[in-house]
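Spelled out, the chains give:
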Amino acid sequence: MSIPGSKSITNRALILAALADGPSALRAPLRSRDTHLMADALRSLGAGIADEGNDWLVTPSTLRGPADVDCGLAGTVMRFVPPAAAIADGEIRFDGDEYARERPMGTILNALRGLGADITGDRLPFTLAGKGALAGGEVTIDASASSQFVSGLLLSGCRYDNGLTVRHDGKPVPSMPHIEMTVQMLRTAGVDVDDTEADTWQVRPGPIHGREWVIEPDLSNATPFLAAAAVTGGTVTVTGWPAETTQPGDAIREILANMGCDVELSTDGLAIRGPGPRRGWEPPQGAGTTLSGVDVDLHEVGELTPTVAALAALAEGQSVLRGIAHLRGHETDRLKALANELNALGGDVEETDDGLVIRPRPLHGGPWAAYADHRMATAGAILGLVVDGVEVDDIGCTTKTIPDFPGMWSAMLGGN
Ligand SMILES: O=C(O)C1=C[C@@H](OP(=O)(O)O)[C@@H](O)[C@H](O)C1
Ligand SMILES: C=C(OP(=O)(O)O)C(=O)O
């Protein structure tokens, strides 16, 4: 099966294209709520973004307000657009979904203030009074709540008068592969980035070159489909799996192998075969699979947590998921949400300071709340393959990053 484009790569490419010195083309971008919100935000600031077949053609222009930016629930929009808007001229107002107003923003807004921006507010909604340029310079932040604070600043930093140096001071930054993705894409667009010193990133002032961006499939979004093979003993092949990537979703290969799946990466794609249902298991009696529990640090790949938690709840033996305290500031408090929903189905899940302990128990059907979180919704879908009667309350929230999850899920189950 094929998986739509990466949210993280698409939204970085859109920002870089809007700030570039000439036109860019995004080949096979993700078209979902998060990327449409990004495209609309940049259009409202003056960028031209046109559909051409499967692609988006971006024509940059001098950014300007006034504008209203809807961030929805998208971390990439709320953290990547304000640093770009800081070089626009005019008033730019930001808001988002109800829960988006609770997501951490103070760090990046204070950083922008320190670099010369005029911003009212510490979280959504807030207003930026753009002056057409930003001094830039050096800033020290605590990025332990989100790597997106670093990525957001770096993506626009070369367009500041003095460039930008970001230093991190605090507990380890999560999701480092996403920062590597930012650095790699900046360099690909001709930007001079120095990341030789730990926890320090330096971007020299200069242009971003317009170019062609070929968007990889979203590997994190592939994980519920791969998990479907893992829990049913079936085989799923995701085509176009990159041989090398900065996407953290690539880590699912090792996790599934450690849980007992056959994992094969070839030119055909990534093929997963699950160990299958537990012998003698019939719904709705049991947790049900012969997957092994895992002890895994997901600090670098927090996006995978809901999928891994669903797998762990269906495995044999305890799992410990560590290093993911920052998930409390994601689309919802994911640690609390996973513990609540799994326990409501008869599971035994304990929240720790920085993660979850999951002891598999026989699960029963019942409602599964998604909390408007696309990855909570897909975790519920995985469980529903093994446990009769799991009902996800809001499968529609998967449009955040997958245009048609229900259609893809049915097609996979139908063998199409
Ligand atoms: O830069 C990005 O594209 C992302 C970074 C990560 O954020 P955090 O560092 O806040 O976990 C990740 O979880 C999110 O889905 C996408
Ligand atoms: C944390 C996530 O998203 P966001 O980009 O909104 O932070 C996610 O997709 O798992």
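Above this text you will find the structure in question.
The structure displayed is predicted, hence computed values, not measured ones. (Residues numbered from 1 in each chain as written. Chains lettered and ligands numbered in written order. Predicted model: local features only at pLDDT ≥ 70, side-chain atom pairs only at ≥ 80, totals over all residues.)

1. With respect to the packing of helix α9 (residues 305-313) against helix α11 (residues 374-384)
Two measures define how a pair of helices packs: the angle their axes make with one another and the distance between the axes. To be explicit about the condition: Here an axis means a line fitted to C-alpha atoms, over the contact stretch when the element is a helix, while the angle between two N-to-C directions is reported on a 0 to 180 degree scale. Put simply, DSSP marks the helices as runs of H or I at least four residues long and the strands as runs of E at least two long, and each gets a number from the N terminus on. Angle categories are assigned with fixed cut-offs, so that under 35 degrees is roughly parallel, over 145 is roughly antiparallel, 65 to 115 is roughly perpendicular, and the rest are oblique. For any helix crossing, the convention is left-handed if the near helix is rotated counterclockwise from the far helix by under a right angle, and right-handed if that rotation is clockwise. In this description, a residue-residue contact is defined by the distance between C-beta atoms placed from the backbone, which must lie within 7 Å.
Closest axis-to-axis distance for the α9/α11 pair is 8 Å, and the angle between their directions is 25°. In terms of their interaxial angle, α9 and α11 are classed as roughly parallel. The element α9 and its partner α11 pack so that their crossing is right-handed. Of the residues in α11, those in contact with Pro306, Thr307, Ala309, Ala310 and Ala313 of α9 are Arg375, Met376, Thr378, Ala379, Ile382 and Leu383.

2. Quick look at the site of ligand 1
This is how the line gets drawn: By definition, a residue lies near a molecule or strand provided its backbone-derived C-beta atom is within 6 Å of it. Asp, Glu, Lys and Arg are counted as charged, while Ala, Val, Leu, Ile, Met, Phe, Trp, Tyr, Cys and Pro are counted as nonpolar; the rest, among them Gly, fall into the polar class.
In the vicinity of ligand 1 lie 13 residues, with Ser8, Ser146, Ser147, Ser175 and His178 positioned nearest. Counting residues per element, the ones that place at least two in the shell around ligand 1 are α3 (75-85) and α5 (148-157). Its residues placed into classes, the shell around ligand 1 shows one nonpolar, 11 polar and one charged.

3. With respect to the site of ligand 2
We count it as follows: The domain boundaries here were taken from an automatic or database domain assignment.
What surrounds ligand 2 is the set Ala74, Gly75, Thr76, Glu303, His330, Glu331, Arg375 and Thr401. When we break the shell around ligand 2 down by domain, the ones giving at least three residues each are domain 1 (7-214) and domain 2 (219-413).

4. Comments concerning the sheet that holds strand β11 (residues 200-203)
The condition that has to hold: A pair of strands is labelled paired if DSSP reports no fewer than 2 bridges between them.
Taken together, four strands build an open sheet; the order of strands is β8-β9-β11-β10 and the sheet is mixed. A strand with exactly one partner marks an edge of an open sheet, and here the two such strands are β8 (137-141) and β10 (193-194). Sheet topology note: the strand β9 (residues 164-168)/β11 ladder contains four bridges and is antiparallel. Paired with Arg167 across the two strands is Thr200, which belongs to β11. The strands touched by α5 within the sheet are β8, β9 and β11, with β9 carrying the most contacts at an inclination of about 170°.

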